[in-house]
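Structural description and commentary
What follows is the residue order along each chain.
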Amino acid sequence: MSPILTPLFAVLGIMLLGSLIQKSRILPPDTDQVLNQYVYYIAFPAIMLIALAETPIEGILQWGFIAGYSLAMVLTYLLVILVSYITNKGRTDIASLRALNTTFGNCAFIGMPLLTILFPDNANALTAAAIATLLSVIIFALVLVTIELYQGQKQASPLVVIFQSLVQNPIVIGSSIGMAMSALNIHVNESLSIMLRQIGMTSSPCALFAIGMVLVKASAEQELSLTSARPGAALQVTAKQGRLQHIAELSWINVCKLLIQPGLAYVLLMAFGVEGDLLIMGVLLAALPTAASVFLLAQRYRVKASISAQAIMLGTVLSIVTLPSIDYLLRS
């Protein structure tokens, strides 16, 4: 059995538990929102800060890893944008949301626990997940601004808006403080270090639990949408075509996310001299399914919300096969 299956099943098990709790309605219906806010604003910035602060700066600034991983994301993003412009001309919001679905992997909430379990004695596990998360946050900010500009919600310069989005992001703030402390060789008080790590360690289970709850909500909303939009006899042909397009779009998104991006990551990381465990980490991070945050963004701006929800669910299920397969190929 592939060594990645044990931590992967643990990750999926926590998500499944969240889904079951959401369906049973034991907890209040907005529990997922509370958990997401706690993880986003407190727990995850805490673990990013202390993980980076206690890592030597030369261990953080691994330029080959940063360059290879970034370029793989950018190339996948541009590929999806190009195809989307061909199929939906002029819809910048749709193109950017599709591209986000294929590049914004769940590096923070799935990648970090997965790598720390898979590589328990390797200090690069947290660092690699942190770098991938920061790069994903930049892509997320870019898409957020693109959608708001398309919908006329922002009048300022795109660069100004992107900068504001990044400097106000708690994950970026926590990571920046940690990197600064590492660069200045500032020692973290032991009690403070233990406190931040204890808080940060709650980020993974809380986030995974919340993802399970969010996916149940997304599934319920999709079923309601399909029920209310059930076509009459005169629209059966159109409905069938719509379903085929829907399946094709879901397939395209997950092929790009689960296969094309990790393939590009492997080639580019190798080209930049990354090898060993760090190479495996980079490719696995690139092969992670889409993060639930994409659905929340799509839902907020009413752009491809149902597609995003289904892509996350389908990608998460398919990753049970794709991640062990990729891990096996890399190790062999």
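These numbers were taken from a predicted model, which means no experiment stands behind them.

1. Topic: a nonpolar patch on the surface
- Taken together, the side chains of L71, V74, L75, L78 and F272 present a nonpolar region at the surface, about 410 Å² in accessible area.
- The residue V74 is located in helix α4 (residues 63–87) in this model.

2. Concerning the environment of C206
- Along the polypeptide, C206 turns up in helix α11 (residues 203–228).
- A C-alpha to C-alpha distance of 9.2 Å links C206 and A43, two positions 163 residues apart in sequence.

3. Let's talk about the packing of aromatic side chains
- Per the stated rule, a full pass over the model turns up 3 aromatic pairs.
- Ring centres of Y40 and Y41 lie 4.9 Å apart, and the angle between their planes is 90°; this geometry places the pair in the edge-to-face category.
- Aromatic side chains F104 and F140 sit 5.2 Å apart centroid to centroid with 45° between the ring planes, which places their arrangement in the tilted category. Remark: F140 occurs in helix α7 (residues 124–150) and F104 occurs in the loop between α5 (92–103) and α6 (107–118); sequence separation between them is 36 residues.
- On the basis of relative accessible area, F104 is assigned to the buried category, the value being 9%.

4. Notes on the packing of helix α13 (residues 276–286) against helix α15 (residues 305–331)
- Viewed as axis vectors pointing N to C, α13 and α15 meet at an angle of 155°, and their least axial separation amounts to 10 Å. Comparing the axis directions of α13 and α15 gives the class roughly antiparallel. In this structure, the crossing between α13 and α15 has a hand that is right-handed. Residues I280, V283 and L284 of α13 lie in contact with α15, whose contacting residues are L323, I326, D327, L330 and R331.
- Residue composition of the contact of α13 with α15, grouped by class: 6 nonpolar, no polar and 2 charged.

5. Quick word on α4
- With 25 residues, α4 should reach 36 Å at 1.5 Å per residue; the first-to-last C-alpha distance of 36 Å fits that figure.
- Listed as buried for α4 are G64, F65, I66, G68, Y69, A72, M73, T76, Y77, V80, I81 and S84.

6. Digging into unusual backbone geometry
- Of note, the phi angle at R25 is positive, near 60°, even though the residue is not glycine.
- Relative to the assigned elements, R25 resides in the loop between α1 (5–24) and α2 (31–53).
- Look at R25 and you get exposed, because its relative accessible area is 73%.
- We note that N185 has phi near 55°; this positive angle belongs to a residue other than glycine.
- Relative to the helices and strands, N185 is located in the loop between α9 (170–183) and α10 (190–201).
- According to the relative accessible area criterion, N185 is exposed, its value standing at 71%.

Parameters and conventions
Residue positions are given per chain, counted from 1 along the sequence in the order it is written. Two thresholds apply to this predicted model, a pLDDT of at least 70 for residue-level local features and 80 or more for giving and counting side-chain atom pairs, whereas whole-chain, interface and lining totals are computed over all residues. Note: side-chain values were computed over all heavy atoms of the structure, leaving out hydrogens and water. Any residue with relative accessible area above 30% and no salt bridge may belong to a patch, with like charges joined within 9 Å and the nonpolar Val, Leu, Ile, Met, Phe, Trp and Tyr side chains within 5 Å. Per-residue accessibility takes into account occlusion by the displayed protein chains alone, with areas from the Shrake-Rupley method and a 1.4 Å probe. Criterion for a salt bridge: a side-chain nitrogen of Lys or Arg within 4 Å of a carboxyl oxygen of Asp or Glu. Where helices and strands are cited, they refer to DSSP runs of H or I of at least four residues and of E of at least two residues respectively, numbered from the N terminus. Stacked, edge-to-face and tilted are the three classes for Phe, Tyr and Trp ring pairs, Trp counted by its six-membered ring, which pair at centre distances within 6.5 Å; planes under 30 degrees apart are stacked, over 60 edge-to-face, the rest tilted. Only protein chains enter the area calculation, which uses a 1.4 Å probe; residues under 20% of their type maximum are buried, those over 50% are exposed, and those in between are partly exposed. Here an angle of 0 to 180 degrees is reported between the N-to-C directions of two axes, which are lines fitted to C-alpha atoms, with helices fitted over the stretch in contact. Throughout, the term roughly parallel applies to angles under 35 degrees, roughly antiparallel to angles over 145, roughly perpendicular to angles from 65 to 115, and oblique to all others. Crossings are assigned a handedness: left-handed for a near helix turned anticlockwise from the far helix by less than a right angle, right-handed for a clockwise turn. Contact between two residues is taken to exist if any of their heavy atoms lie within 4.5 Å; hydrogens are not considered. Charged means Asp, Glu, Lys or Arg here, nonpolar means Ala, Val, Leu, Ile, Met, Phe, Trp, Tyr, Cys or Pro, and polar covers whatever is left, Gly included. Expected span, for any helix, means 1.5 Å times one less than how many residues it has.

These figures come from the coordinates and say nothing about function on their own.
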